[in-house]
Amino acid sequence: MSNSSSLNKFLLLAFVDTRELQLLHFSLFLGIYLAALLGNGLIITAVACDHRLHTPMYFFLLNLSLLDLGTISTTVPKSTINSLRNTRAISYSGCAAQVFSFVFFMLAEYSLLTVMSYDRYVAICKPLHYGTIMGSRACFKMAAAAWASGFLNAVLHTANTFSIPVCKGNTVDQFFCEIPQILKLSCSDSYLREVGLIVFTACLGLGGFVFIVLSYVQIFTAVLRIPSEQGRHKAFSMCLPHLAVVSLFVSSVIYATLKPPSFSLPAVDLVVAVLYAVVPPAVNPLIYSMRSKEVKDALKKLIQWAQCQHQ
């Protein structure tokens, strides 16, 4: 197995070894996946069907839900199927497709979260200019830029990663094909180009995080000037969970991608991967939308309409 061309499969990290715990893992991940499908699917349906939700904020939330579905569908189904079938194998082409899809959806989502923080900043700090700044054409361009940035990064990272010779086996120490774990299998210094690209992407991501934090600092400053205590509480309850989710996402991704190989601990790496690859798509519907009265009202109308159709 001297190079990547001789590989026809990789072996993913198994969560557990015993059959009973494998079935428990299957059940747990399947439950999380179905919950993510339901939550994000409801948001997409509600926003698409209710004209009152055809606003910039909910347009971005619809895109976020689409990206969340893509992210969790890239990693969790394969892991659950492997646990059910008691196998660790993923084909070489399947691994490449997983890397491409995961990088695409994850980086597009992060770009979209950055755009969403700007949307909230304009809405709270410049409400009189909101309609002008966040017009439909501007929103479409921002969302398209987020998706395009994810696609471009996915092409670059996937091409770089799978052009590197592999000579240290085919065992990936993660439950999905994660680039840093694949690079650990590479030969000599041939991986440095991809490492440089990862560092560059991480620096851009850190810049985006600084932008998000500065946006929220401006938002919180404006919120503190709101005379109504109820208004301040509502604004804080909406913004703080958003910032917490983004912080968890960014910190876990930076740890996974930039930590030295000597600091790699399989159990810790596994937990960190779950924190940025599985948790956000499952909890984002609750954090960003399900607490919204407008979304709840739209879902109630959809349920009532469905009941009427069955009668």
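Residues numbered from 1 in each chain as written. Predicted model: local features only at pLDDT ≥ 70, side-chain atom pairs only at ≥ 80, totals over all residues. Heavy atoms only, no water.

Some points on the packing of helix 1 (residues 19-49) against helix 2 (residues 56-85)
Turning to step 1, where the next piece is worked out: Running from amino to carboxyl end, helix 1 crosses helix 2 at an angle of 160°, the nearest separation of the two axes being 9 Å. Of the possible angle classes, the one that applies to helix 1 and helix 2 is roughly antiparallel. Seen along the crossing, helix 1 lies across helix 2 with a hand that is left-handed.
Turning to step 2, where the next piece is worked out: Class assignment of the residues belonging to the contact of helix 1 with helix 2 gives a composition of 21 nonpolar, eight polar and two charged. (Axes fitted to C-alpha atoms, helices over the stretch in contact; angles between N-to-C directions. Helix = DSSP H or I, 4+ residues; strand = E, 2+ residues; numbered from the N terminus. Parallel < 35°, antiparallel > 145°, perpendicular 65-115°, else oblique. Left-handed = near helix turned anticlockwise from the far one by under 90°. Nonpolar A, V, L, I, M, F, W, Y, C, P; charged D, E, K, R; others polar.)

Notes on the state of the cysteines
Turning to step 1, where the next piece is worked out: Tallying each qualifying case throughout the model produces one disulfide.
Turning to step 2, where the next piece is worked out: The disulfide partner of cysteine 95 is cysteine 177, and the S-S distance across this bridge is 2.1 Å. Across the S-S bond linking cysteine 95 and cysteine 177, the dihedral sits near -130°, which makes this disulfide left-handed. Of the two residues, cysteine 95 is situated in helix 3 (residues 92-125) and cysteine 177 in the loop between helix 5 (136-161) and helix 6 (179-183); the sequence distance between them amounts to 82 residues.
Turning to step 3, where the next piece is worked out: Not part of a disulfide, cysteine 139 finds its nearest cysteine sulfur in cysteine 125, a span of 17 Å. (Disulfide = S-S within 2.5 Å.)

Details of the environment of valine 76
Turning to step 1, where the next piece is worked out: Here valine 76 lies in helix 2.
Turning to step 2, where the next piece is worked out: With a relative accessible area of 1%, valine 76 lands in the buried category.
Turning to step 3, where the next piece is worked out: A sequence separation of 129 residues divides valine 76 from glycine 205, and the C-alpha atoms of the two residues are 24 Å apart.
Turning to step 4, where the next piece is worked out: Residue contacts for valine 76: discarding those within four places in its chain leaves Phe29, Tyr33 and Val278. (Buried < 20%, exposed > 50% of the residue type's maximum accessible area, 1.4 Å probe, protein only. Contact = heavy atoms within 4.5 Å.)

Quick notes on the nonpolar core
Turning to step 1, where the next piece is worked out: Within the largest apolar cluster, 79 residues are counted, with the highest numbers of intra-cluster contacts made by Phe10, Phe60, Met116 and Tyr276.
Turning to step 2, where the next piece is worked out: When residues in this core are grouped by element, the largest group, 17 residues, is from helix 3.
Turning to step 3, where the next piece is worked out: Not counting the four nearest positions on each side in its chain, methionine 116 is found in contact with Phe60, Leu61, Leu64 and Tyr288. (Core = buried A, V, L, I, M, F, W, Y, C linked by side-chain atoms within 4.5 Å.)

Focus on the UniProt feature "transmembrane region" (unreviewed entry) in the protein
Turning to step 1, where the next piece is worked out: The sites that UniProt annotates as "transmembrane region" (unreviewed entry) are residues 21-45, 57-77, 89-108, 198-223, 235-258 and 270-290.
Turning to step 2, where the next piece is worked out: Taken end to end, residues 21-45 comprises 100% helix and 0% strand; its first and last C-alpha atoms sit 35 Å apart.
Turning to step 3, where the next piece is worked out: Here residues 89-108 is 85% helix and 15% strand, with 28 Å between the C-alpha atoms at its ends. (UniProt positions renumbered as here; feature names shortened; annotations may be inferred.)

Section: the environment of leucine 183
Turning to step 1, where the next piece is worked out: Examined against the element boundaries, leucine 183 turns out to sit in helix 6.
Turning to step 2, where the next piece is worked out: For leucine 183, a relative accessible area of 9% puts it in the buried group.
Turning to step 3, where the next piece is worked out: In the structure, leucine 183 is positioned 74 residues away from threonine 257 in sequence and 11 Å away in space, judged by C-alpha atoms.

Quick look at the packing of aromatic side chains
Turning to step 1, where the next piece is worked out: Evaluated as defined, the whole model comprises 16 aromatic pairs.
Turning to step 2, where the next piece is worked out: Taking the centre distance of 4.9 Å and the plane angle of 50° together, the rings of phenylalanine 102 and phenylalanine 176 count as tilted. In this pair, phenylalanine 102 sits in helix 3 while phenylalanine 176 sits in the loop between helix 5 and helix 6, placing the two residues 74 residues apart along the sequence. Comparing phenylalanine 102 with phenylalanine 176 shows no difference in burial state: the two are buried. (Phe/Tyr/Trp six-rings, centres within 6.5 Å; stacked < 30°, edge-to-face > 60°.)

Some thoughts on empty space enclosed by the protein
Turning to step 1, where the next piece is worked out: Enumeration over the complete set of coordinates arrives at one cavity of 30 Å³ or more.
Turning to step 2, where the next piece is worked out: In this structure, the largest cavity spans a volume of roughly 50 Å³.
Turning to step 3, where the next piece is worked out: Contributing to the lining of the largest cavity are ten residues, with Thr161, Phe162, Ile164, Val166 and Ile182 lying nearest its centre.
Turning to step 4, where the next piece is worked out: Across the lining of the largest cavity, the residue classes break down as seven nonpolar, three polar and no charged. (1 Å grid on protein atoms, 1.4 Å probe; cavity = no way out; pocket = protein on both sides within 12 Å on 5 of 7 lines; lining within 4 Å. Points joined across faces, edges and corners; volume = space filled by probe spheres on them.)

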